[in-house]
Amino acid sequence: MAASLTGLLKPWTPRVLLVRWSRYNPYYLEPGPRKEVYHIPETELTPEQKEERELKSVRPIKAATNSVTSSVFNDPVLSKFVNMMMKDGDKIIAKGIITQTLENMKRKQVEKYHKAPEGKKAEIECNPYAIFHQALENCKPVIGLTSIQKGGKFYQVPIPLTDNRRRFLAMKWMITECRDNKHRRTLMYEKLSQELLAAFSKEGNVVKRKHELHKMAESNRAYAHYRWW
Amino acid sequence: SFENRLAFRWFWLPEPVRPLHGSGCGQQQEAVGMEMRPETFSIFRTQENDPDCQSEQHQGQYYTVPPSHFHTVFPHGLPPRYQQQVKTFNEGCVMVRQPALELISHLKRADYSKPTLRYLLYGVKGSGKTMSLCHTVHYCSTQGWLVLHIPDAHLWVKNCKELLPSSYHASRFDQPIQASNWLRNFRTTNENFLSKIKLRQRYVWTKRESTEEGQPLGELVDMGVSRVKSSSDVVGAVLKELRLQAGGTEGGFRLAVAVDGVNGLWGRTTLKKEDKSPVAPEELTLVHNLRKMINNDWCGGAVIATLSQTGSLYAPSSAYLPQELLGEEGFDSMDPFIPVPVSLYSEKEFESCYLYYLDRHWLQHPHSQTEEGKKELIFLSNRNPSVLERLCAFL
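The residue numbering used here restarts from 1 in each chain and proceeds along that chain's sequence as written. Chains carry letters from A onward and ligands carry numbers from 1 onward, assigned in written order. Local features in a predicted model are, by the rule used here, given only for residues with pLDDT of at least 70; side-chain atom pairs are given and counted only at 80 or more, and totals for whole chains, interfaces and linings are based on all residues. Hydrogens are left out, water is left out, and the side-chain values use all remaining heavy atoms of the structure.

**Some points on the overall build of chain B**
Only DSSP runs of H or I reaching four residues or more are called helices, and only runs of E reaching two or more are called strands; each is numbered from the N terminus. A count of helices and strands for chain B gives 15 helices and 11 strands. The buried label goes to any residue with under 20% of its type's maximum accessible area, the exposed label to any with over 50%, and the partly exposed label to all in between, with areas taken from a 1.4 Å probe on protein chains only. When each of the 395 residues of chain B is scored for burial, the buried share is 52%. Any pair of residues with heavy atoms lying within 4.5 Å of one another is described as a contacting pair. Of the contacts made within chain B by residues no fewer than 6 positions apart, 73% connect residues no fewer than 24 positions apart. For chain B, the computed accessible surface area is about 18500 Å², with 52% contributed by carbon and sulfur atoms. Using a 1.4 Å probe, the Shrake-Rupley method yields the accessible areas, and only the shown protein chains count as cover for residues.

**As for the side chain of N220 of chain A**
Locating N220 of chain A in the fold gives a position in the segment after α8 (205-219). Assessed through its relative accessible area of 13%, N220 of chain A is described here as buried.

**Section: the interface of chain B and chain A**
The partner chain A presents 18 residues to the 24 residues of chain B that form the contact. When two parts are put together, the accessible area they lose, computed with a 1.4 Å probe and summed over both, is reported as buried area. It is T88, Q364 and F394 of chain B that lose the most area in chain B upon contact with chain A, and together they represent 27% of the buried surface on that side. Any carboxyl oxygen of Asp or Glu within 4 Å of a side-chain nitrogen of Lys or Arg constitutes a salt bridge here. Where chain B touches chain A, the interface holds two salt bridges. Here E103 of chain A makes a salt bridge to R81 of chain B, at a shortest N to O gap of 3.0 Å. Identification of polar contacts relies on pairs of N or O atoms within 3.5 Å, with a donor-acceptor requirement for protein atoms, meaning one able to donate a hydrogen and the other able to accept it, and with residues adjacent in sequence counted only if both atoms are side-chain atoms. Our count for the contact surface shared by chain B and chain A stands at 12 residue pairs in polar contact (both at pLDDT 80 or more).

**With respect to unusual backbone geometry**
Glycine aside, negative phi is the norm for most residues, and most peptide bonds take the trans geometry. All names here are of chain B. Residue P336 is reached from D335 by a cis peptide bond, and omega for that bond is -5°. Phi is positive for H361, which is not a glycine, with a value near 60°. You can call H361 partly exposed: its relative accessible area is 31%. The phi angle at N382 is positive, at roughly 55°, despite the residue not being glycine. You can see N382 is positioned in the loop between α14 (371-381) and α15 (385-394). Since its relative accessible area comes to 53%, N382 is described here as exposed.

**Looking at the UniProt feature "domain: Small ribosomal subunit protein uS7" (unreviewed entry) in chain A**
Look at the UniProt record and you will see "domain: Small ribosomal subunit protein uS7" (unreviewed entry) annotated at residues 65-221 of chain A. A distance of 43 Å separates the end C-alpha atoms of residues 65-221 of chain A, which is 59% helix and 10% strand. UniProt positions are given in the numbering used here, feature names are shortened, and annotations may be inferred rather than shown by experiment.

**Quick notes on the packing of aromatic side chains**
All names here are of chain A. Only Phe, Tyr and Trp rings take part, Trp by its six-membered ring, and two of them pair if their centres are within 6.5 Å. Stacked means planes under 30 degrees apart, edge-to-face means over 60, and tilted covers everything else. Per the counting criterion, the structure on display carries 18 aromatic pairs over all chains. Ring centres of Y155 and Y223 lie 4.8 Å apart, and the angle between their planes is 40°; this geometry places the pair in the tilted category. Of the two residues, Y155 is situated in strand β2 (residues 153-160) and Y223 in the segment after α8; the sequence distance between them amounts to 68 residues. On the basis of relative accessibility, which here comes to 16%, the residue Y155 falls in the buried class. Look at W228 and W229: their rings are 5.1 Å apart centre to centre, the planes differ by 85°, and that puts the pair in the edge-to-face class. Of the two residues examined, W228 and W229, each falls in the exposed class.

See below:
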C-alpha cells in the first residue's frame, strides 16, 4: 500500500486528512519513541535488535499519536487513565485534573513526611506515581463475572480476566466512584487524590467493590463449568 | 550523601570569611564560617538569615525566614502557591537573588532627608518580582521600618461586591470589605508602631464619632476595622498621617510603601456604577489615596513597586515593560523611578532551586533525579521560576 497519497489530491479533497488510520496494513511497524534504544552503539546490539533495526530501515512506520512522547516522564498507564477520564475529547482538562491530583497527593504525603518523627519517615511513600500504580494494583480484580445463558436462564459465571480488562475495570471503578459517590462541591482532583490514597492503603470504596466482586465469584463457584472457553 | 558528592564536583567554593560592614555582622559571619564544615555544608542553603548581612556571595542560596517573623511580616504579601509550598515543606525559604540585593543596597545608601525614591521591579511573567518584593519587605521589617504592604493593587479595581458612595467626597466610591481586610493585616504587621505614633489632626467620622488629636494610631486602625462603613476613609487618614510623620526628627521612623501590581492604579477598572457606566480608578477612595502615597512629595522612606501582568485588566499577556503596563498616565506619575529588572534563573540559581527541591523531597519521579530529567526540566521551563515550580509540582 502506498505510503503517501499526495499524488491523488484534488481541489475538492479536504485539506485536513486523517493521517493515522485505525486499520493499518499489518505491513506497517509501530513507532518507537524511546531515545535509549537509538543510543546503543552498533557493537552492543543483540541479534534481535539488529534485525529490528534493519526492518525499520525498509518498512513503513505508523504515525505516532499525539499523546506519545519521547520524554522520560511519559507513562503509558497514566496516559490511559487520562484518556478514560476525558469527556468530549477535551484532553487538556483531563490532563490538568490528573496533574493536580498527583500534586495534591504529593503535597499531603510530603507534609506528613516533614512532620513525622525520624523513625516513621521511611514508611511514608511520597512518590505520587508509585502511589498511583500501587493503588491501581490494589483495585484490580483477580477474577470476573459474566452472564451466560443456559436453559433459558442467565447465570453469573466466574471467568478469568485478561490483564487489559483488569486494568480497565480498576480505572473505570475509580473514575465512576469519584464522579458519583462523593460530595457534590468537592473538585475532581481532591476526590481522586483521597480515593487513590485510600486504595494505596487498601481501604476505600473501590477496594470494597473489588472484594464484593470476588465474594460474588466465590459464591457462584458452582456455575464455573458453564464456561466453555 | 547526595549533597557531599555534589559539593566536591561543584566549581563554586565558599569564599574565605571576611568581615562585612558593622561589627555585629562580621562576628556573625565568623561564627557561621566555623559551622560550615563539609559534612553539613549545603550549596543551596545559607545560614545567614538576616537580610541586612546578605551579600553577593550568598547569591543563589536559600535563607530561611524565622517562623516567628513569618506571620507578623507576611500576613498577606506572599504569592498563593508559595504559601502552599511553605505549608508543605514546614519552612519558609527564600532565594537570595540579584534584584533584591540591588534594592537592599540602594535602601542602605539612600539619603532619607531628600524626597522619596521610587523603585520599580519589572520582568516577564513568573520571573520572581513578588518574591523579590517580599525579600525587601523582610529586610525593611528587620531594620525596624514601618511597612505598608499592599499585596495586589489589582484586587482593589476588580471583583468588588459592595461599592458604597463615599461620605467624604460626593463623586468617589468606597470599598469597605477590601479596606477593612487591609487594615486588619496592617495592624498585624506593625503592632509596635500603633501605640507610638500619635495623630496630628482631629478626624470626624459621624455626628457622634470622632478621633481626637494626640490619640495613638492603633485606635484609628481599630475603629476602621470595627466600623466597616468608614474603613476606606480611615485608610486615607492613616496614609496621610504616616506621610506627614515619616521623615520627622523626633521619634522619626522610616516608611516603606510596598505595592504589588502598581499598574492597576492607572488604567481601567471592571467596576460599574448603578447606571452601568464604568468607574475610573480615580473615583475609588482607596486608589486615590494610594496614588498620593506613591508621589514623591514626602520624605523619610521609600516606595517599592512591582508591575504585574497576571492580575491586570485589559493588558496583553506579552506586555511586561513599564511603558506598556503603566500606560502614559501611570508612567508620568511614576517618573522618575529606579527600574530594577528581574530576570529568569541563571544556571547557578537553577541548580540551587533543583537541589532545594531534591532536599525537601519534592522531586519524586525517579527520572527527575537523573541528568536527563534535569535537562528536560531546563528545556520545558526555560529556567522560568514559576513554570519550574509548576512542573516540579506534579513530577
